[in-house]
Amino acid sequence: MEKSIPIAKPIITNEELKAIAEVLKSGMLAQGKAVGDFEKSFSDYIDVKNAIAVGNGTIALDLALKSLNIKEGDEIITTPFTFIATANSILFQKAKPVFADVEERTFNIDPDEILNKITGKTKAIIGVHLFGHPFNVKAISEICEDHKLSLVEDCAQAHGAEYEHKRVGGFGTGCFSFYPTKNITTGEGGIITTNDGKNAELCRLLRNHGQSSKYYHTILGYNYRMTDIQAAIGIVQLKKLDGYNKKRIYNAEYFNKDIRLEGITKPHREKHVKHVYHQYVLKVDSNLISREKFMEYLAGKGIGSAVHYPLPIHKQPLYQELGYTSDSVTCPIAEELANKVLSLPVHPSLSEKELKYIVETINNYEVV
Ligand SMILES: *Cc1c(COP(=O)(O)O)cnc(C)c1O
């Protein structure tokens, strides 16, 4: 194989280029028709009443929490095994992230661990549908109902994923990202989904300087808008999402079937979910395989790989500084996973030849 295979690869075609050119020629570049059209198609796709497009996924999380009235001192329970933005959105509110450990098999937040962390100050739960596998929506929605908590779904890695045949982003307040490595992209971009009309209205206000009518500002807001250039790309990408996900699932099933290397565990999928494989994540048994050496071997053969994520959030320097020390927080499963996980390329551009090459290269690795 002469070319190398990257871990992620956005697919941009002439269709996106044409859509961008149309926006540029129209002269309506920000918060114009394309943004409204994208929101409409996205809310239809997820089957929710409202979608609010914003500048990126981090902003989506920030506005979701603001629309749910999260305030200083509130506690929000979330997973330590995710991208940093999930937990940081809680810090933006001066609220307190409380970390509940994850499930060994799905890598997602464990409902039983959530129950152990609920206090009188708990206001919300942010679950992450990590790597494209939905979290336990049923159990966590029940917890939210019983304890009167808001549910935020971090769907940044799960566009089109389903729990019991219903798309994620429709169970609580959904937050999506369209960063280039995600299942669809707009360059940078994000969107909030909600069935709550009032919260949606608040998100729209906060996104645009609290402006309720032209130059009339009712609350303190921000410039968190999406451009029409981004939205035009998003409209085209959304039409391709199901096809992209189908190919990701095909690739993952190919690996599941043919990878045979001793010392690795392939990703688990719960029966009642549609997993959209934002990442295809293996667990490496460190008694048999050194993850670092294995990654070097793959790189030497032109195969990109990555570790999502090498350090749980409570172990990050920022959080250590905030007092999340080993005495106060333990999430042993997340900590162990951080040492074991390894992501392979699973993006829709992989050819049959590349899939075969990846499998053969892995199966030929000499376990010591
Ligand atoms: C990418 C990502 C985000 C943040 O999205 P941006 O668009 O990069 O701001 C949040 N949470 C998770 C789990 C992500 O993967």
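Trainee: Explain the packing of aromatic side chains here, please?
Mentor: The geometry of two aromatic rings is summed up by the distance between their centres and the angle between their planes. In total, this model carries 21 aromatic pairs according to the counting rule given. Here F42 and F176 contribute two aromatic rings whose centre-to-centre distance is 4.9 Å and whose plane-to-plane angle is 75 degrees, an arrangement assigned as edge-to-face. On the criterion of sequence distance, the pair formed by F42 in helix α2 (residues 33-46) and F176 in strand β8 (residues 173-177) is long-range, its members being 134 residues apart. Pairwise contacts between aromatic rings join F81, F83, F107, F131 and Y309 into one cluster. Over the aromatic face of Y45 sits the side chain of R167, whose NZ or CZ is 3.7 Å from the ring centroid.

Trainee: Looking at this structure, how should I read the layout of surface pockets?
Mentor: Over the atoms rolls a probe the size of a water molecule, and in doing so it shows where empty space is left. Estimates place the volume of the largest pocket at around 460 Å³. At the level of elements, α3 (57-67), α4 (84-92) and β8 are the ones that each hand at least two residues to the lining of the largest pocket. Grouping the constituent residues of the lining of the largest pocket by class yields twelve nonpolar, twelve polar and three charged. Each of domain 1 (14-101 + 108-237) and domain 2 (241-363) contributes no fewer than three residues to the lining of the largest pocket. E15, K18, A19, E22, V23, K33, A34, D37, A232, I235, V236 and K239 are the residues that line the second largest pocket.

Trainee: Whenever I open this one, the site of the ligand confuses me. Can you help?
Mentor: If you check the shell around the ligand, you find 15 residues, and the closest are G57, T58, D154, S177 and K182. The separation between an oxygen atom of the ligand and a polar main-chain atom of G57 is 2.8 Å. One nitrogen or oxygen atom from the side chain of D154 is found 2.7 Å from a nitrogen atom belonging to the ligand. Under a 2 Å grid-point criterion requiring more than half of the atoms, the pocket assigned to the ligand is the largest pocket. Counting residues per element, the ones that place at least two in the shell around the ligand are α3 and α4. For the shell around the ligand, the element with the highest residue contribution is α3, accounting for three residues. Per-class residue counts for the shell around the ligand are five nonpolar, eight polar and two charged.

How each quantity is defined
- Residues numbered from 1 in each chain as written.
- Predicted model: local features only at pLDDT ≥ 70, side-chain atom pairs only at ≥ 80, totals over all residues.
- Heavy atoms only, no water.
- Phe/Tyr/Trp six-rings, centres within 6.5 Å; stacked < 30°, edge-to-face > 60°.
- Helix = DSSP H or I, 4+ residues; strand = E, 2+ residues; numbered from the N terminus.
- Lys NZ or Arg CZ within 6 Å of the ring centre and 35° of its normal.
- 1 Å grid on protein atoms, 1.4 Å probe; cavity = no way out; pocket = protein on both sides within 12 Å on 5 of 7 lines; lining within 4 Å.
- Points joined across faces, edges and corners; volume = space filled by probe spheres on them.
- Nonpolar A, V, L, I, M, F, W, Y, C, P; charged D, E, K, R; others polar.
- Domains from an automatic or database assignment.
- Near = heavy atom within 4 Å.
- Polar contact = N/O pair within 3.5 Å; in protein donor to acceptor, adjacent residues only side chain to side chain.
- Sits in = over half its atoms within 2 Å of the grid points.

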